[in-house]
Amino acid sequence: MATAEAKNDNLCSGLGQCIAATVAASEFNARASMPLQVVHGAVTTGSAWKFLRLSGTDLTLDVAEYFIAELDRIMGILAQILETCRGREAPSTHFTLASPVFRRQDGLRLR
């Protein structure tokens with residue numbers, strides 16, 4: 001899982017860094033002969049969170065932003081990501097991503 005800190009209480013400012021980190025993690029593991037099916041990412045200001053997922057060449061962003069007042073939802077999303085990485089689904093689902101918004105074309109380029 002890649003995590004990026006967004007500056008100035010603006011989650012969008014951290015999206016590029018987080019996307020780059022998920023792509024780098026995917027590429028690194030593929031080159032090390034340990035390819036990952038999915039790499040998750042989170043951008044946070046500390047009080048606001050946004051989640052994303054890179055699955056193959058599809059990058060999917062969660063359309064919702066989660067705030068610290070919704071700590072139970074944030075923790076549920078993180079727990080679901082961990083359970084999914086272990087190969088089983090979490091008991092309750094709080095995290096629904098929109099359909100893929102970007103498709104990776106060549107190497108590390110996203111469109």
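Residues numbered from 1 in each chain as written. Predicted model: local features only at pLDDT ≥ 70, side-chain atom pairs only at ≥ 80, totals over all residues. Heavy atoms only, no water.

Enquirer: Teacher, can you tell me more about the environment of Asp9 here?
Expert: As for its placement among the helices and strands, Asp9 is situated in the loop between β1 (2–5) and α1 (12–31). Asp9 gets classed as exposed once you look at its relative accessible area, which sits at 65%. As for Asp9 and Thr44, which are separated by 35 residues in sequence, their C-alpha atoms are 8.6 Å apart. Those residues in contact with Asp9 that lie beyond four places of it in its chain are Thr45 and Ser47. (Helix = DSSP H or I, 4+ residues; strand = E, 2+ residues; numbered from the N terminus. Buried < 20%, exposed > 50% of the residue type's maximum accessible area, 1.4 Å probe, protein only. Contact = heavy atoms within 4.5 Å.)

Enquirer: Could you clarify how one ought to interpret the packing of aromatic side chains in this entry?
Expert: The way to describe two aromatic rings as a pair is by their centre distance and the angle between their planes. According to the stated counting rule, one finds 2 aromatic pairs in the structure shown. A ring pair is formed by Trp49 and Phe51, whose centres lie 6.0 Å apart and whose planes are at 15°; its orientation type is stacked. Comparing Trp49 with Phe51 shows no difference in burial state: the two are buried. Joined through ring pairs, the aromatic side chains of Trp49, Phe51 and Tyr66 make up one cluster. (Phe/Tyr/Trp six-rings, centres within 6.5 Å; stacked < 30°, edge-to-face > 60°.)

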